[in-house]
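# Fold and geometry: a report
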Amino acid sequence: MTNSIHELADAKAILAVGTNTTAAHPIIALPVKKAAKNGAKLIVANPKEIDLCKFADIFLQHKPGTDVPLLMGMARVIIDEGLQDDTFIKERCEDFDAFKDSLAGFDLETVEEITGVPKEKIAEAARVYATQDPASIIYCMGVTQHTHGTDNVWAISNLALITGNFGKPSSGVNPLRGQNNVQGACDMGCLPSVYPGYRSVTLPEVKAEVEAAWGVELNGEVGKTHTEIFDACYNGEIKSVYLIGENPVISEANANHAIEAMKKTDFLVVQDIFMTETAELADVVLPSTTFAEKDGTFTNTERRVQRVRKAIEPVGAIKPDWWITCEIAKRLGGKGFDYEGPEQIMAEINAVQPAYKGITYPRLEKGTLQWPCPAEDHPGTPFLHAEKFGTPSGKGKLIPLEYRASAEQTDDSYPLILTTDRSLFHFHGTMTRRVYGLNELDSEERLKINPIDAERFGIEDGQSVKVLSRRGNVEVRVLVTDVCPVGTVSLTFHFSETLTNVLTCCELDPVAKTPATKVCAVQIEPA
């Protein structure tokens, strides 16, 4: 997030696009609802009529996969009506003319035809977002999990740039991260193209600096993404996998492909806190500690680093993840893994991750800090880009865009679009499905379908059906509801009894390599 969670409560307008915030991020939903109750204008853009719509002033129910025309159509209105922040654009942005020219293809008549949203609503939303200052955008995987997910994010950034909604409180572009430390993992370099601190592996000067810090020679080549690793396993290019804290059998798009890929490896090691469905496929399972059994830090979605303190002793012979990985490295002859505890690891992070330089254990004992925090006397950074952006020029780059339809389309054999979502009571399911109370509240997958579609296919509420895609099929009971629009059905992916992701699309965004799980053509028939 460019800004802090609590700042949402003071925004004058919030655009929530591709996020079912009350279900997937209920704590972040609280300041959003508070802002709405205090008079802020809330715009919700989502294919489904989610719970947050109860608090919204404007609901833009666009067709799945049409985010770019919707957002660029809003930008077109802002520019055409002179609502842009000319001073911010002149002083802090670049490539405005090329961006403006690209808006020619997004007149409201065309946008309405593509998205299904009335042009009057699009114009109203654009005016609200542009005139209410400050305005914040929040988004989640409903934006990113598309074959044009990167374009979707750029379209969001364009909106914030042309209205000057960066570098000040209660504004910005705010992706809502999932797992509690996914932000921290990325900060540490758990991405194929960067070292710690988001520094490119292909830059010789960065490579030399990291080599000096670690005392090893690095290859300077971009590695494989999550999805590319499974393809490489399937094709025999990768022979062994060491998988930590991930359950692809449940969570991976086109799960049958991922399962077959893991089965084809010569050696699969899974390190996790439970004997997951993926661990059942492993040659070796390494049991690791839960959050309550270890010390360390988590970095959450607002870049806030927080201490984690051991509450109970580890059960049985399990060990912390860092200890297991270090022991494997040492037994392979690796150097530099002789840590005595998380505090020593944090000291290395202070040395190699510039944004964490001032986030030391002694300071964290007194409270939390938000990166970037470049020195021990620095207070941390509640919002980014106050003076410049992290680009070579220091200016925000406006991106010309074109509409690209989703890779997967409906036809006579697969006439419905399936999109995925989360339940309030589960995350992936590896942990929450093991909690008795949560299973009492939500114990079964249900296919959400519009009443008109249910009548069309002769389906009744509660009936068991088979859902078929071009990749697989599952059986599930039906929930007839107006939450889904006509032509769109919805499943969560929490239940091992109903492996939703055997259905989902594996076509990738060409830049981020994210699978397009939000747009999947399906057929339904009685089970």
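Calculation notes
Residues numbered from 1 in each chain as written. Predicted model: local features only at pLDDT ≥ 70, side-chain atom pairs only at ≥ 80, totals over all residues. Heavy atoms only, no water. Helix = DSSP H or I, 4+ residues; strand = E, 2+ residues; numbered from the N terminus. Buried < 20%, exposed > 50% of the residue type's maximum accessible area, 1.4 Å probe, protein only. Lys, Arg positive; Asp, Glu negative; His and termini not counted. Salt bridge = Lys/Arg side-chain N within 4 Å of Asp/Glu carboxyl O. Contact = heavy atoms within 4.5 Å. Polar contact = N/O pair within 3.5 Å; in protein donor to acceptor, adjacent residues only side chain to side chain. 1 Å grid on protein atoms, 1.4 Å probe; cavity = no way out; pocket = protein on both sides within 12 Å on 5 of 7 lines; lining within 4 Å. Points joined across faces, edges and corners; volume = space filled by probe spheres on them. Pairing = 2+ DSSP bridges. Axes fitted to C-alpha atoms, helices over the stretch in contact; angles between N-to-C directions. Nonpolar A, V, L, I, M, F, W, Y, C, P; charged D, E, K, R; others polar.

## Focus on the side chain of aspartate 272
Along the chain, aspartate 272 turns up in strand S10 (residues 267–272). Summary of buried charges: aspartate 272 has no salt-bridge partner, and the nearest side chain of opposite charge, arginine 434, is 7.8 Å away. Apart from residues no more than four positions distant in its own chain, aspartate 272 is found in contact with Gly245, Glu246, Leu286, Pro287 and Ser288.

## What about the pattern of salt bridges?
A full pass over the atoms with the stated rule returns 25 salt bridges. Across the pair arginine 331 and glutamate 327 runs a salt bridge whose closest N-O atoms are separated by 3.1 Å. In this pair, arginine 331 and glutamate 327 both sit in helix H15 (residues 321–331), 4 residues apart, roughly one turn of the helix. Across the salt bridge formed by glutamate 497 and arginine 433, the nearest N and O atoms sit 3.1 Å from each other. Linking glutamate 497 in the loop between strand S20 (488–491) and strand S21 (520–526) with arginine 433 in the loop between strand S16 (416–420) and helix H18 (436–441), this pair joins segments that are 64 residues apart in sequence. With relative accessibility at 55%, the residue glutamate 497 sits in the exposed group.

## Considerations on the side chain of threonine 147
You can see threonine 147 is positioned in the loop between helix H8 (141–144) and helix H9 (149–162). Since its relative accessible area comes to 6%, threonine 147 is described here as buried. Engagement of the side chain of threonine 147 in a polar contact is seen with the backbone nitrogen of alanine 407, the distance being 3.4 Å.

## Brief notes about empty space enclosed by the protein
Under the defined criterion, the tally for this structure stands at 1 cavity of 30 Å³ or more. Its boundaries defined by the atoms lining it, the largest cavity holds a volume of some 280 Å³. For the lining of the largest cavity, the secondary-structure elements that each account for two or more residues are H8 and S16.

## Points about the sheet that holds strand S11 (residues 284–287)
The strand order S9-S10-S11 describes an open sheet built from 3 strands, whose pairing is parallel. Looking at which strands have only one partner, the edges of the open sheet turn out to be strand S9 (240–244) and S11. Averaged over all adjacent pairs, the angle separating strand axes in this sheet is 10°, with direction ignored. Across 4 bridges, S10 lies against S11 in parallel orientation. Within the sheet, the bridge partner assigned to glutamine 271 lies in S11 and is leucine 286. Along the sheet, H15 contacts S9, S10 and S11; its crossing angle with S9, the most-contacted strand, is approximately 155°.

## Some thoughts on H15
Residues of H15 that are buried: Ile324, Cys326, Glu327 and Ala329. Buried residues along H15 sit in contact with S9, S10 and S11. Backbone geometry just downstream of H15 places glycine 333 in the positive-phi region, at approximately 90°.

## Some details on the layout of surface pockets
The gaps of empty space that remain are located by a probe, the size of a water molecule, rolled over the atoms. Within this model, the second largest pocket holds a volume of roughly 550 Å³. Forming the boundary of the second largest pocket are 24 residues, of which Asn20, Lys48, Arg422, Ser423 and Lys448 lie nearest the centre. If you list the elements that add at least two residues to the lining of the second largest pocket, you get helix H1 (21–24) and strand S17 (446–449). Here the lining of the second largest pocket is built from residues that sort into 8 nonpolar, 5 polar and 11 charged.

## A short note on the sheet that holds strand S14 (residues 369–370)
In space, the 3 strands of this open sheet follow the order S12-S13-S14, with antiparallel pairing throughout. The open sheet has two free edges, formed respectively by strand S12 (296–299) and S14, since each of these has just one partner strand. Here strand S13 (residues 304–308) pairs with S14 via 2 bridges, running antiparallel. Opposite arginine 304, over in S14, you have glutamine 370 as the bridge partner.

## Brief notes about the pairing of S16
Within a regular beta strand, the side chains point alternately toward one face of the sheet and then the other, so they alternate between its two faces. Of all 5 residues in S16, 5 are buried, a share of seventy percent or more. Neither face of S16 is left uncovered, since the one carrying Leu416, Leu418 and Thr420 and the one carrying Ile417 and Thr419 both have all their residues buried. By the bridge criterion, 3 bridges tie S16 to S21 in an arrangement that is antiparallel. When the bridges of S21 are listed, leucine 416 appears paired with valine 522. Pairing between S16 and S20: 4 bridges, direction parallel. Looking at the pairing, threonine 420 lines up with leucine 491 of S20.

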